[in-house]
Amino acid sequence: MMNSIILLVKSKKPGILIRILCEKIFLPRLTNFGSLVPLFQHKSGIEIGGPSGFFRKGGYMPIYPIAGSVDGCNFSASTVWEGNLTEGITYHYQQGKTGTQYICDAVGVEKIPQKKYDFILSCNSLEHIANPLKAVENWIKLLKPAGGSILLILPRKESNFDHKRPVTLFEHLVSDYRNNVNETDLTHLPEILKLHDLKYDPLAGSFENFKMRSENNFDNRCLHHHVFDLDLLDQVCNYFKLRVVLKTSRTNDHIIVAVTK
């Protein structure tokens with residue numbers, strides 16, 4: 001594992017290598033995944049960020065193999081995680097499967113057809129968004145009128161560099177929503193610089209490099225603006241009157257919520 005970390009630090013495209021490394025690590029399937037299959041099987045979806053090893057064959061929630069189609073949305077044509085991207089039929093989410101790649105902010109999804117999709121996937125994405133309630137509101141507009149589902153996977157704060165930070169208050173998310181906060185926001189930067197545990201984030205380098213990267217967040221989107229737990233995700237879903245069908249935690253890394261309209 002240490003050799004892998006060294007390789008990632010030296011890499012010019014660490015995000016791509018991180019994804020590959022994660023996909024090499026065995027992820028046991030969610031024990032009750034079968035109950036969620038009807039939400040995705042033979043249906044059309046879009047993933048905000050990604051693609052993700054979580055959803056591939058052999059992953060914790062192998063949605064890609066059973067889905068009818070999956071499109072993708074990434075904020076830029078060049079990201080830390082995916083390298084260079086091209087808009088169009090270029091979203092290679094599973095061997096032999098390709099969807100449409102959209103290049104746009106996770107909040108500003110106006111170019112994506114509304115009322116088109118049966119499901120939305122978001123893995124390790126919502127925490128990077130300055131206005132998560134606005135994002136979820138706009139994602140709901142992408143779902144078909146007859147219903148649809150959203151799957152949210154976020155890092156468990158106790159298991160990563162956020163472990164010293166407090167969970168964000170729901171009232172703060174509502175305030176950001178009402179004030180129409182956008183992706184240039186750096187409200188949480190002082191807290192992040194004080195409490196971010198660099199020992200858990202070797203790719204960030206020195207504190208000076210991390211500070212520089214964080215101040216340039218609009219271009220790289222590496223910051224975790226907010227810190228979530230299952231209760232906060234529950235409040236987000238209740239705010240939009242979404243019905244929770246799954247709420248669980250992988251004790252070593254992630255929290256997971258699946259909801260339907």
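> I would appreciate a short explanation of the sheet that holds strand β9 (residues 243–250) in the present structure.
Taken in spatial order, the eight strands line up as β5-β6-β2-β1-β7-β8-β10-β9 in an open sheet, and their pairing is mixed. Strand pairing shows two members of the sheet lacking a second neighbour, β5 (88–94) and β9, which therefore form its edges. In this sheet, neighbouring strand axes are inclined to one another by 25° on average, regardless of whether the strands run parallel or antiparallel. Note: strand β1 (residues 44–48) against strand β7 (residues 119–123), four bridges, orientation parallel. Paired with Ile46 across the two strands is Ile120, which belongs to β7. Packed on one face of the sheet, helix α4 (residues 132–140) meets β1, β7 and β8 (149–155) and runs near 150° to β7. Most of the contacts of helix α9 (residues 230–239) go to strand β10 (residues 254–260), to which it runs at about 20°, and overall it touches β8, β9 and β10.

> Would you take a moment to explain the environment of Ala204 for this structure?
Within the secondary structure, Ala204 is located in the loop between α6 (189–195) and α7 (207–215). Overall, the relative accessible area of 6% leaves Ala204 in the buried class. A C-alpha to C-alpha distance of 9.5 Å links Ala204 and Ser214, two positions 10 residues apart in sequence. Among all residues touching Ala204, those that are not within four sequence positions of it are Leu198, Asn209, Phe210 and Arg213.

> Sorry, what's going on with the environment of Asp197 here?
Summarising the element assignment, Asp197 is placed in the loop between α6 and α7. Asp197 sits 10 residues away from Phe207 along the chain, and the two C-alpha atoms are 10.0 Å apart. Setting aside residues up to four positions removed in sequence, Asp197 forms contacts with Phe161, His163 and Lys164.

Conventions used here
Residues numbered from 1 in each chain as written. Predicted model: local features only at pLDDT ≥ 70, side-chain atom pairs only at ≥ 80, totals over all residues. Heavy atoms only, no water. Pairing = 2+ DSSP bridges. Helix = DSSP H or I, 4+ residues; strand = E, 2+ residues; numbered from the N terminus. Axes fitted to C-alpha atoms, helices over the stretch in contact; angles between N-to-C directions. Contact = heavy atoms within 4.5 Å. Buried < 20%, exposed > 50% of the residue type's maximum accessible area, 1.4 Å probe, protein only.

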